[in-house]
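Descriptive analysis of the structure
Read off the chains here:
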Amino acid sequence: MSEFVEISTSTRRREEESRRILDRASPVIVWPAEEGILVIATNRDKRENRIHSIYDRIACVTLGTFSGGTILWQHAAFRASSDGFNLSKGDVSCRIIIRDTSALLSESFHGLRKGPLFGVEAIFVEVDEERESDYLAYLNFMGFVNTFDQARLFGRLDPDVDRNGDRDELKDSAERKLSEIWDPTRSLSDVIEILNREELFRGIFTSSRVEIVTMDRSAVKKGEFNRVFKRTA
Amino acid sequence: MRVYTHFDNIALAPIRELVASMPRPLNGVVNLSSWHGTTIAAFLVDNGRSIVAVSDGKVSEGQLLYAASLDFPKVIEVDRSTVMLIAGAAGFAVLYSKILKNWVETMERVREERLSARAKVNMLSRILRESLPLAASGFPVVAILATFDKRKGARIFLFTPDGSNVRRKTYAILGSGKVSEASLLDNWRADMSREEGIGYAKKLIRTAAQLDTATGGQIFIKVLDENGVESVDGGRASE
(Lines give C-alpha, C1' and ligand atoms only; values in the text may rest on other atoms or scores of the structure.)
Protein backbone atom coordinates (compact mmCIF):
# COMPACT_ATOMS: atom_id res chain seq x y z
CA MET A 1 0.00 0.00 0.00
CA SER A 2 1.44 3.36 -0.95
CA GLU A 3 1.64 6.20 1.50
CA PHE A 4 1.43 9.88 0.67
CA VAL A 5 4.20 11.81 2.40
CA GLU A 6 4.61 15.54 2.04
CA ILE A 7 7.97 16.70 0.71
CA SER A 8 8.75 18.66 3.86
CA THR A 9 8.05 15.59 6.02
CA SER A 10 10.12 13.37 3.79
CA THR A 11 13.03 15.85 3.85
CA ARG A 12 12.82 16.10 7.63
CA ARG A 13 12.87 12.33 7.98
CA ARG A 14 15.92 12.07 5.77
CA GLU A 15 17.63 14.85 7.67
CA GLU A 16 16.95 13.11 10.98
CA GLU A 17 18.25 9.83 9.60
CA SER A 18 21.42 11.50 8.28
CA ARG A 19 22.02 13.20 11.61
CA ARG A 20 21.51 9.90 13.42
CA ILE A 21 24.22 8.31 11.24
CA LEU A 22 26.59 11.27 11.60
CA ASP A 23 26.09 11.39 15.37
CA ARG A 24 28.25 8.28 15.49
CA ALA A 25 31.06 9.67 13.32
CA SER A 26 34.54 9.24 14.81
CA PRO A 27 36.58 12.40 15.49
CA VAL A 28 38.73 14.27 12.98
CA ILE A 29 41.03 17.20 13.74
CA VAL A 30 42.30 19.55 11.03
CA TRP A 31 45.10 21.91 12.08
CA PRO A 32 46.34 24.42 9.48
CA ALA A 33 49.80 25.83 10.21
CA GLU A 34 52.69 27.63 8.56
CA GLU A 35 54.56 24.33 8.13
CA GLY A 36 51.59 22.66 6.44
CA ILE A 37 48.31 21.05 7.41
CA LEU A 38 47.91 18.35 10.02
CA VAL A 39 44.97 15.94 9.81
CA ILE A 40 44.27 13.46 12.61
CA ALA A 41 41.47 10.92 12.50
CA THR A 42 40.50 7.79 14.36
CA ASN A 43 39.26 4.74 12.56
CA ARG A 44 37.03 1.90 13.74
CA ASP A 45 38.44 -0.38 11.07
CA LYS A 46 42.15 -1.11 11.49
CA ARG A 47 42.53 -2.23 7.86
CA GLU A 48 41.02 0.76 6.11
CA ASN A 49 42.23 4.33 5.81
CA ARG A 50 40.02 7.27 6.57
CA ILE A 51 42.30 10.06 5.37
CA HIS A 52 42.78 9.79 1.63
CA SER A 53 45.00 11.49 -0.89
CA ILE A 54 42.72 12.90 -3.61
CA TYR A 55 45.61 14.47 -5.45
CA ASP A 56 49.12 15.50 -4.54
CA ARG A 57 48.10 18.60 -2.59
CA ILE A 58 44.56 17.59 -1.67
CA ALA A 59 43.39 15.27 1.10
CA CYS A 60 39.90 14.17 2.06
CA VAL A 61 38.42 12.72 5.24
CA THR A 62 34.87 11.40 5.27
CA LEU A 63 32.40 11.19 8.11
CA GLY A 64 29.48 8.76 8.20
CA THR A 65 29.01 5.46 6.39
CA PHE A 66 32.07 3.69 5.01
CA SER A 67 30.46 2.75 1.68
CA GLY A 68 29.24 6.28 1.02
CA GLY A 69 32.56 7.77 2.06
CA THR A 70 34.47 5.44 -0.26
CA ILE A 71 32.35 6.38 -3.28
CA LEU A 72 32.69 10.05 -2.42
CA TRP A 73 36.47 10.25 -2.10
CA GLN A 74 37.15 7.93 -5.02
CA HIS A 75 34.88 10.02 -7.23
CA ALA A 76 36.82 13.12 -6.19
CA ALA A 77 40.13 11.33 -6.87
CA PHE A 78 39.08 10.37 -10.42
CA ARG A 79 37.88 13.90 -11.08
CA ALA A 80 41.20 15.31 -9.83
CA SER A 81 43.12 12.85 -11.98
CA SER A 82 41.28 13.96 -15.12
CA ASP A 83 42.05 17.59 -14.30
CA GLY A 84 45.69 16.72 -13.67
CA PHE A 85 45.93 14.96 -17.03
CA ASN A 86 44.15 17.65 -19.03
CA LEU A 87 45.68 20.67 -17.28
CA SER A 88 48.72 20.10 -15.09
CA LYS A 89 49.53 18.89 -11.59
CA GLY A 90 49.68 22.43 -10.26
CA ASP A 91 46.31 23.33 -11.78
CA VAL A 92 44.24 20.73 -9.93
CA SER A 93 41.98 22.80 -7.70
CA CYS A 94 40.08 21.69 -4.63
CA ARG A 95 37.45 24.36 -5.30
CA ILE A 96 36.55 22.76 -8.63
CA ILE A 97 36.59 19.21 -7.29
CA ILE A 98 34.26 19.92 -4.39
CA ARG A 99 31.79 21.54 -6.75
CA ASP A 100 31.18 18.04 -8.14
CA THR A 101 31.27 16.43 -4.70
CA SER A 102 28.81 18.93 -3.34
CA ALA A 103 26.41 18.23 -6.23
CA LEU A 104 26.69 14.48 -5.56
CA LEU A 105 25.84 14.92 -1.89
CA SER A 106 22.97 17.24 -2.65
CA GLU A 107 21.52 14.81 -5.22
CA SER A 108 21.83 11.89 -2.85
CA PHE A 109 20.05 13.79 -0.11
CA HIS A 110 17.19 15.12 -2.22
CA GLY A 111 16.83 12.13 -4.58
CA LEU A 112 15.09 9.20 -2.92
CA ARG A 113 16.96 6.58 -4.93
CA LYS A 114 20.49 7.95 -4.52
CA GLY A 115 21.11 5.74 -1.52
CA PRO A 116 24.86 5.04 -1.20
CA LEU A 117 25.92 8.61 -0.49
CA PHE A 118 23.23 9.13 2.09
CA GLY A 119 24.44 10.35 5.48
CA VAL A 120 27.98 11.18 4.48
CA GLU A 121 30.00 14.34 5.06
CA ALA A 122 33.48 15.22 3.87
CA ILE A 123 36.36 17.49 4.78
CA PHE A 124 38.71 18.57 1.99
CA VAL A 125 42.06 20.21 2.62
CA GLU A 126 44.33 21.70 -0.02
CA VAL A 127 47.77 22.95 0.88
CA ASP A 128 49.27 25.82 -1.09
CA GLU A 129 52.56 27.72 -1.08
CA GLU A 130 51.27 30.23 1.48
CA ARG A 131 49.02 29.48 4.45
CA GLU A 132 46.63 32.25 3.42
CA SER A 133 46.00 30.42 0.14
CA ASP A 134 45.19 27.04 1.74
CA TYR A 135 41.68 25.83 1.06
CA LEU A 136 39.86 24.00 3.84
CA ALA A 137 36.26 23.01 3.29
CA TYR A 138 33.62 21.04 5.12
CA LEU A 139 30.77 19.58 3.07
CA ASN A 140 27.71 18.63 5.05
CA PHE A 141 25.34 15.79 4.18
CA MET A 142 23.15 18.12 2.09
CA GLY A 143 26.07 19.27 -0.02
CA PHE A 144 26.51 22.71 1.55
CA VAL A 145 30.10 23.89 1.57
CA ASN A 146 31.55 25.69 4.59
CA THR A 147 35.11 26.89 4.44
CA PHE A 148 37.30 27.44 7.50
CA ASP A 149 40.84 28.63 8.18
CA GLN A 150 41.50 27.64 11.79
CA ALA A 151 41.91 24.36 13.64
CA ARG A 152 38.63 22.48 13.87
CA LEU A 153 37.20 19.30 15.28
CA PHE A 154 34.65 17.24 13.34
CA GLY A 155 32.70 14.16 14.38
CA ARG A 156 32.26 13.12 18.00
CA LEU A 157 34.90 12.52 20.64
CA ASP A 158 32.72 9.75 22.14
CA PRO A 159 30.85 8.44 19.08
CA ASP A 160 29.55 5.30 20.78
CA VAL A 161 27.56 7.20 23.40
CA ASP A 162 23.90 7.53 22.43
CA ARG A 163 23.04 11.25 22.62
CA ASN A 164 19.55 11.02 21.21
CA GLY A 165 20.28 13.89 18.83
CA ASP A 166 21.32 16.32 21.61
CA ARG A 167 24.25 18.63 21.18
CA ASP A 168 27.37 17.11 22.58
CA GLU A 169 28.79 19.13 25.49
CA LEU A 170 32.09 17.29 25.31
CA LYS A 171 32.46 18.28 21.68
CA ASP A 172 31.62 21.90 22.46
CA SER A 173 34.31 22.14 25.11
CA ALA A 174 36.81 20.32 22.86
CA GLU A 175 36.12 22.78 20.05
CA ARG A 176 36.61 25.70 22.45
CA LYS A 177 39.86 24.22 23.70
CA LEU A 178 41.08 23.66 20.15
CA SER A 179 40.47 27.28 19.17
CA GLU A 180 42.27 28.41 22.36
CA ILE A 181 45.40 26.37 21.73
CA TRP A 182 45.51 26.81 17.95
CA ASP A 183 48.67 28.59 16.92
CA PRO A 184 49.67 28.36 13.25
CA THR A 185 53.33 29.11 13.99
CA ARG A 186 53.80 25.85 15.94
CA SER A 187 55.54 22.96 14.24
CA LEU A 188 53.28 20.02 13.37
CA SER A 189 55.27 17.59 15.53
CA ASP A 190 54.77 19.94 18.51
CA VAL A 191 51.05 20.08 17.77
CA ILE A 192 50.77 16.29 17.95
CA GLU A 193 52.51 16.33 21.33
CA ILE A 194 50.33 19.16 22.64
CA LEU A 195 47.12 17.43 21.58
CA ASN A 196 48.36 14.18 23.08
CA ARG A 197 48.92 15.93 26.42
CA GLU A 198 45.45 17.50 26.48
CA GLU A 199 42.96 15.49 28.52
CA LEU A 200 40.13 16.15 26.05
CA PHE A 201 41.99 14.81 23.02
CA ARG A 202 43.92 11.96 24.64
CA GLY A 203 41.15 9.53 23.70
CA ILE A 204 41.97 10.03 20.03
CA PHE A 205 45.55 8.90 20.50
CA THR A 206 44.62 5.87 22.57
CA SER A 207 41.90 4.63 20.20
CA SER A 208 42.27 1.35 18.30
CA ARG A 209 43.67 3.12 15.27
CA VAL A 210 44.73 6.72 14.88
CA GLU A 211 45.71 8.10 11.50
CA ILE A 212 47.98 11.11 11.20
CA VAL A 213 48.66 12.81 7.88
CA THR A 214 50.76 15.90 7.27
CA MET A 215 50.56 18.00 4.13
CA ASP A 216 54.02 19.48 3.71
CA ARG A 217 54.07 23.09 2.48
CA SER A 218 57.80 23.11 1.74
CA ALA A 219 57.31 20.29 -0.80
CA VAL A 220 54.64 22.41 -2.56
CA LYS A 221 57.06 25.34 -2.69
CA LYS A 222 59.72 23.12 -4.25
CA GLY A 223 57.22 21.68 -6.75
CA GLU A 224 57.82 18.17 -5.37
CA PHE A 225 54.14 17.33 -5.40
CA ASN A 226 54.57 13.61 -4.74
CA ARG A 227 56.19 14.41 -1.38
CA VAL A 228 53.37 16.60 -0.04
CA PHE A 229 51.07 13.94 1.46
CA LYS A 230 52.84 12.11 4.29
CA ARG A 231 51.16 9.43 6.35
CA THR A 232 52.99 9.35 9.67
CA ALA A 233 50.64 7.00 11.51
CA MET B 1 31.08 1.25 -8.89
CA ARG B 2 30.62 3.05 -12.17
CA VAL B 3 33.32 5.69 -11.83
CA TYR B 4 35.91 3.05 -10.95
CA THR B 5 35.23 0.65 -13.82
CA HIS B 6 34.88 3.48 -16.32
CA PHE B 7 38.22 5.07 -15.50
CA ASP B 8 40.10 2.90 -18.02
CA ASN B 9 37.83 4.25 -20.73
CA ILE B 10 38.49 7.78 -19.56
CA ALA B 11 42.24 7.10 -19.57
CA LEU B 12 42.15 5.73 -23.12
CA ALA B 13 39.79 8.42 -24.44
CA PRO B 14 42.52 10.68 -25.92
CA ILE B 15 43.71 7.83 -28.18
CA ARG B 16 40.18 6.87 -29.21
CA GLU B 17 39.45 10.49 -30.12
CA LEU B 18 42.61 10.61 -32.25
CA VAL B 19 41.73 7.37 -34.02
CA ALA B 20 38.13 8.48 -34.62
CA SER B 21 39.16 11.84 -36.05
CA MET B 22 41.89 10.40 -38.30
CA PRO B 23 41.34 11.18 -42.01
CA ARG B 24 40.28 7.98 -43.81
CA PRO B 25 42.85 8.21 -46.66
CA LEU B 26 45.62 8.06 -44.05
CA ASN B 27 44.42 4.80 -42.61
CA GLY B 28 47.10 2.23 -43.31
CA VAL B 29 48.58 3.76 -46.45
CA VAL B 30 51.86 5.09 -45.08
CA ASN B 31 54.81 2.76 -45.17
CA LEU B 32 56.00 2.12 -41.63
CA SER B 33 59.60 1.93 -42.77
CA SER B 34 59.50 5.61 -43.77
CA TRP B 35 59.75 6.39 -40.04
CA HIS B 36 63.17 6.37 -38.55
CA GLY B 37 63.53 6.28 -34.86
CA THR B 38 66.12 6.40 -32.26
CA THR B 39 68.01 4.08 -29.97
CA ILE B 40 66.57 2.87 -26.71
CA ALA B 41 67.96 0.01 -24.70
CA ALA B 42 67.63 -1.55 -21.27
CA PHE B 43 69.70 -4.33 -19.77
CA LEU B 44 70.03 -6.15 -16.50
CA VAL B 45 73.18 -5.60 -14.47
CA ASP B 46 74.38 -6.55 -11.02
CA ASN B 47 73.30 -10.19 -11.56
CA GLY B 48 69.77 -9.20 -12.44
CA ARG B 49 69.21 -6.94 -9.43
CA SER B 50 69.29 -3.64 -11.34
CA ILE B 51 68.39 -2.36 -14.79
CA VAL B 52 70.25 0.28 -16.79
CA ALA B 53 67.95 2.13 -19.20
CA VAL B 54 69.47 4.36 -21.86
CA SER B 55 68.37 6.46 -24.82
CA ASP B 56 69.80 9.04 -27.17
CA GLY B 57 68.30 12.55 -27.37
CA LYS B 58 67.71 13.04 -31.08
CA VAL B 59 64.28 13.66 -32.51
CA SER B 60 64.38 13.82 -36.28
CA GLU B 61 61.99 15.52 -38.64
CA GLY B 62 61.07 14.62 -42.21
CA GLN B 63 62.59 12.20 -44.69
CA LEU B 64 66.01 13.87 -44.49
CA LEU B 65 66.11 13.39 -40.73
CA TYR B 66 66.70 17.00 -39.74
CA ALA B 67 67.37 17.16 -36.02
CA ALA B 68 64.29 18.74 -34.44
CA SER B 69 65.85 18.27 -31.02
CA LEU B 70 69.05 16.80 -29.63
CA ASP B 71 68.11 16.73 -25.96
CA PHE B 72 64.77 15.02 -25.93
CA PRO B 73 64.58 12.49 -23.05
CA LYS B 74 63.12 9.17 -24.13
CA VAL B 75 63.69 7.46 -20.80
CA ILE B 76 60.58 8.40 -18.83
CA GLU B 77 59.97 7.67 -15.16
CA VAL B 78 56.43 6.31 -14.89
CA ASP B 79 56.62 5.85 -11.14
CA ARG B 80 59.35 5.06 -8.62
CA SER B 81 59.61 1.46 -9.80
CA THR B 82 58.97 1.74 -13.55
CA VAL B 83 60.80 3.34 -16.44
CA MET B 84 59.37 3.57 -19.96
CA LEU B 85 61.62 3.99 -22.98
CA ILE B 86 59.98 5.28 -26.14
CA ALA B 87 60.84 5.22 -29.82
CA GLY B 88 58.89 6.07 -32.96
CA ALA B 89 56.51 9.00 -33.41
CA ALA B 90 57.73 11.21 -30.59
CA GLY B 91 54.53 13.20 -29.95
CA PHE B 92 52.37 10.10 -29.69
CA ALA B 93 54.96 8.28 -27.62
CA VAL B 94 54.96 11.10 -25.08
CA LEU B 95 51.15 11.06 -25.01
CA TYR B 96 51.13 7.30 -24.32
CA SER B 97 53.69 7.65 -21.55
CA LYS B 98 51.59 10.44 -20.02
CA ILE B 99 48.46 8.29 -20.17
CA LEU B 100 50.28 5.38 -18.53
CA LYS B 101 51.78 7.61 -15.86
CA ASN B 102 48.44 9.21 -15.02
CA TRP B 103 46.69 5.84 -14.99
CA VAL B 104 49.24 4.27 -12.63
CA GLU B 105 49.18 7.30 -10.33
CA THR B 106 45.37 7.35 -10.17
CA MET B 107 44.97 3.61 -9.67
CA GLU B 108 47.53 3.55 -6.88
CA ARG B 109 45.88 6.55 -5.23
CA VAL B 110 42.41 5.04 -5.38
CA ARG B 111 43.44 1.49 -4.47
CA GLU B 112 45.82 2.79 -1.78
CA GLU B 113 48.34 0.08 -2.67
CA ARG B 114 51.06 -0.43 -5.27
CA LEU B 115 50.18 -1.88 -8.65
CA SER B 116 52.05 -4.96 -9.84
CA ALA B 117 54.47 -4.67 -12.75
CA ARG B 118 52.14 -6.94 -14.76
CA ALA B 119 49.26 -4.45 -14.42
CA LYS B 120 51.44 -1.70 -15.92
CA VAL B 121 52.61 -4.00 -18.71
CA ASN B 122 49.03 -4.93 -19.57
CA MET B 123 47.89 -1.31 -19.57
CA LEU B 124 50.72 -0.26 -21.90
CA SER B 125 49.74 -3.13 -24.19
CA ARG B 126 46.16 -1.83 -24.23
CA ILE B 127 47.33 1.71 -24.97
CA LEU B 128 49.39 0.51 -27.95
CA ARG B 129 46.67 -1.81 -29.19
CA GLU B 130 44.11 1.02 -29.08
CA SER B 131 46.47 3.14 -31.14
CA LEU B 132 47.09 0.50 -33.80
CA PRO B 133 45.22 2.51 -36.52
CA LEU B 134 47.57 5.41 -35.76
CA ALA B 135 50.57 3.10 -36.03
CA ALA B 136 49.31 1.75 -39.35
CA SER B 137 48.91 5.34 -40.57
CA GLY B 138 52.56 6.09 -40.11
CA PHE B 139 52.79 7.00 -36.43
CA PRO B 140 54.10 3.81 -34.84
CA VAL B 141 55.42 3.76 -31.31
CA VAL B 142 57.53 1.02 -29.81
CA ALA B 143 58.51 0.86 -26.17
CA ILE B 144 60.52 -0.90 -23.51
CA LEU B 145 59.25 -1.08 -19.96
CA ALA B 146 61.79 -1.63 -17.19
CA THR B 147 60.09 -2.56 -13.94
CA PHE B 148 61.00 -3.51 -10.42
CA ASP B 149 58.47 -5.59 -8.55
CA LYS B 150 58.91 -6.61 -4.91
CA ARG B 151 57.93 -10.20 -5.69
CA LYS B 152 59.41 -10.66 -9.14
CA GLY B 153 62.44 -8.34 -9.00
CA ALA B 154 63.86 -6.46 -11.99
CA ARG B 155 62.23 -7.27 -15.31
CA ILE B 156 62.35 -5.90 -18.85
CA PHE B 157 59.43 -5.99 -21.31
CA LEU B 158 59.55 -5.14 -24.97
CA PHE B 159 56.50 -3.80 -26.86
CA THR B 160 55.70 -3.77 -30.57
CA PRO B 161 53.39 -1.16 -32.20
CA ASP B 162 50.41 -3.57 -32.04
CA GLY B 163 50.66 -3.87 -28.27
CA SER B 164 52.25 -7.32 -28.13
CA ASN B 165 54.76 -7.64 -25.34
CA VAL B 166 57.50 -10.05 -24.53
CA ARG B 167 59.64 -10.36 -21.44
CA ARG B 168 63.38 -10.20 -22.03
CA LYS B 169 65.60 -11.95 -19.55
CA THR B 170 68.79 -10.25 -20.61
CA TYR B 171 68.46 -7.00 -22.57
CA ALA B 172 66.12 -5.21 -24.97
CA ILE B 173 67.03 -2.77 -27.71
CA LEU B 174 64.63 -1.01 -30.07
CA GLY B 175 64.57 1.79 -32.63
CA SER B 176 66.65 2.29 -35.73
CA GLY B 177 69.78 2.07 -33.59
CA LYS B 178 69.04 -1.63 -33.24
CA VAL B 179 71.85 -2.04 -35.74
CA SER B 180 74.20 -1.89 -32.78
CA GLU B 181 72.58 -4.92 -31.14
CA ALA B 182 75.62 -6.98 -32.09
CA SER B 183 77.67 -4.87 -29.69
CA LEU B 184 75.19 -5.61 -26.92
CA LEU B 185 75.22 -9.28 -27.75
CA ASP B 186 79.01 -9.38 -27.53
CA ASN B 187 79.58 -7.17 -24.52
CA TRP B 188 76.63 -7.64 -22.18
CA ARG B 189 77.27 -9.74 -19.07
CA ALA B 190 74.82 -10.41 -16.26
CA ASP B 191 77.53 -9.80 -13.67
CA MET B 192 78.33 -6.33 -14.98
CA SER B 193 78.48 -3.87 -12.10
CA ARG B 194 76.22 -0.83 -12.06
CA GLU B 195 79.12 1.50 -12.99
CA GLU B 196 80.25 -0.81 -15.77
CA GLY B 197 76.65 -0.88 -17.01
CA ILE B 198 76.43 2.91 -17.11
CA GLY B 199 79.77 3.15 -18.92
CA TYR B 200 78.69 0.51 -21.38
CA ALA B 201 75.29 2.24 -21.98
CA LYS B 202 77.12 5.40 -23.09
CA LYS B 203 79.33 3.36 -25.38
CA LEU B 204 76.31 1.60 -26.87
CA ILE B 205 74.61 4.88 -27.83
CA ARG B 206 77.87 6.24 -29.28
CA THR B 207 78.20 3.11 -31.43
CA ALA B 208 74.56 3.43 -32.54
CA ALA B 209 75.10 7.11 -33.43
CA GLN B 210 77.97 6.08 -35.71
CA LEU B 211 75.90 3.45 -37.50
CA ASP B 212 72.49 5.15 -37.56
CA THR B 213 71.68 8.67 -38.82
CA ALA B 214 68.57 8.95 -36.65
CA THR B 215 70.53 8.48 -33.41
CA GLY B 216 72.53 11.20 -31.72
CA GLY B 217 72.49 14.11 -29.30
CA GLN B 218 72.46 13.80 -25.52
CA ILE B 219 72.57 10.46 -23.76
CA PHE B 220 69.95 9.84 -21.08
CA ILE B 221 70.45 7.11 -18.50
CA LYS B 222 68.33 5.92 -15.60
CA VAL B 223 69.15 3.08 -13.23
CA LEU B 224 66.35 1.10 -11.62
CA ASP B 225 66.71 -1.10 -8.57
CA GLU B 226 64.88 -1.95 -5.35
CA ASN B 227 65.48 1.59 -4.04
CA GLY B 228 63.74 3.24 -6.99
CA VAL B 229 64.80 5.11 -10.10
CA GLU B 230 67.97 7.14 -10.23
CA SER B 231 68.83 9.52 -13.03
CA VAL B 232 72.50 9.36 -13.85
CA ASP B 233 74.05 12.87 -13.88
CA GLY B 234 70.62 14.40 -13.30
CA GLY B 235 69.13 12.51 -16.22
CA ARG B 236 71.71 13.63 -18.75
CA ALA B 237 74.82 11.58 -18.99
CA SER B 238 76.41 13.65 -21.72
CA GLU B 239 79.68 12.67 -23.26
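Everything below is about the structure printed above this text.
Presented here is an overview of the structure given in this document. (Residues numbered from 1 in each chain as written. Chains lettered and ligands numbered in written order. Predicted model: local features only at pLDDT ≥ 70, side-chain atom pairs only at ≥ 80, totals over all residues.)

**Details of the overall build of chain B**
If you tally the helices and strands in chain B, you get seven helices and 12 strands. Taking all 239 residues of chain B together, 44% fall into the buried category. The contacts of chain B with a sequence gap of at least 6 include a subset with a gap of at least 24, amounting to 67%. (Helix = DSSP H or I, 4+ residues; strand = E, 2+ residues; numbered from the N terminus. Buried ≥ 20, exposed ≤ 12 C-beta atoms within 10 Å, placed from the backbone. Contact = placed C-beta atoms within 7 Å.)

**Comments concerning helix α3 (residues 94-110) of chain A**
Residues and elements named next belong to chain A. With 17 residues, α3 should cover 24 Å at 1.5 Å per step; its first-to-last C-alpha distance of 24 Å lies within 8% of that length. Among the residues making up α3, those that are buried are Cys-94, Ile-97, Ile-98, Thr-101, Leu-104, Leu-105, Ser-108 and Phe-109. Seen end-on, α3 carries its buried residues on one side only, within an arc spanning 130°. Facing away from the buried side of α3 by more than 90 degrees, the exposed set consists of Arg-95, Arg-99 and Ala-103. (Expected span 1.5 Å × (residues − 1). Arc of directions from axis to C-beta.)

**Observations regarding the environment of Ala25(A)**
Residue and element names in this part refer to chain A. As for its position among the elements, Ala-25 is in the loop between α1 (7-22) and β1 (28-32). Judged by the 19 C-beta atoms lying within 10 Å of it, Ala-25 is partly exposed. Taking the C-alpha atoms as reference, Ala-25 lies 4.9 Å from Gly-155; in sequence the two are 130 residues apart. The residues touching Ala-25, leaving out its near neighbours within four places in the chain, are Leu-63, Gly-64, Gly-155, Arg-156 and Pro-159.

**As for the packing of helix α2 (residues 7-20) of chain B against helix α4 (residues 117-130) of chain B**
Residues and elements named next belong to chain B. Where α2 meets α4, the axes come as close as 9 Å, and the angle between the chain directions of the two elements is 20°. Here α2 is positioned roughly parallel relative to α4, judged by the angle of their axes. When you trace α2 past α4, the crossing you get is right-handed. Contacts from Leu-12, Ile-15 and Arg-16 in α2 reach Arg-126, Ile-127 and Glu-130 in α4. Its residues assigned to classes, the contact of α2 with α4 comprises three nonpolar, no polar and three charged. (Axes fitted to C-alpha atoms, helices over the stretch in contact; angles between N-to-C directions. Parallel < 35°, antiparallel > 145°, perpendicular 65-115°, else oblique. Left-handed = near helix turned anticlockwise from the far one by under 90°. Nonpolar A, V, L, I, M, F, W, Y, C, P; charged D, E, K, R; others polar.)

**Remarks on helix α3 (residues 90-111) of chain B**
For α3(B), spanning 22 residues, the distance from its first C-alpha to its last is 31 Å, which sits close to the expected 32 Å at 1.5 Å a residue. Just downstream of α3(B) lies Glu112(B), where phi reads positive at about 55°.

**Concerning the pairing of strand β4 (residues 58-64) of chain A**
Residue and element names in this part refer to chain A. In terms of burial, β4 is a largely internal element, seven of the seven residues being buried. Across four bridges, the pairing between strand β3 (residues 51-55) and β4 is antiparallel. From the neighbouring strand, Tyr-55 faces β4, where its bridge partner is Ile-58. Once β3 ends, the chain turns through two residues before running back antiparallel as β4. Across seven bridges, the pairing between β4 and strand β5 (residues 120-126) is antiparallel. In the sheet register, Gly-64 faces β5, and the bridge partner there is Val-120. (Pairing = 2+ DSSP bridges.)

**A look at the sheet that holds strand β10 (residues 229-231) of chain A**
Residue and element names in this part refer to chain A. Spatially, the five strands line up as an open sheet ordered β8-β1-β2-β9-β10, and their pairing is antiparallel. Two strands close off the open sheet at either side, each with one partner strand: β8 (152-154) and β10. The average undirected angle you get between the axes of adjacent strands in this sheet is 15°. Relative to β8, β1 is paired through three bridges, and the arrangement is antiparallel. Residue pairing across strands places Val-30 opposite Arg-152, the latter belonging to β8. Against the sheet, helix α5 (residues 188-197) engages β1, β2 (36-42) and β9 (210-216), with an angle of about 35° to β2.

**Focus on the packing of α3(B) against α4(B)**
All names here are of chain B. At a closest axis distance of 10 Å, the pairing of α3 and α4 adopts a crossing angle of 140°. Judged on the interaxial angle alone, α4 and α3 are oblique. Regarding α3 and α4, the two cross each other, and that crossing is right-handed. Where α3 abuts α4, its residues Tyr-96, Ile-99, Leu-100, Trp-103 and Val-104 lie against Lys-120, Met-123, Leu-124 and Ile-127.

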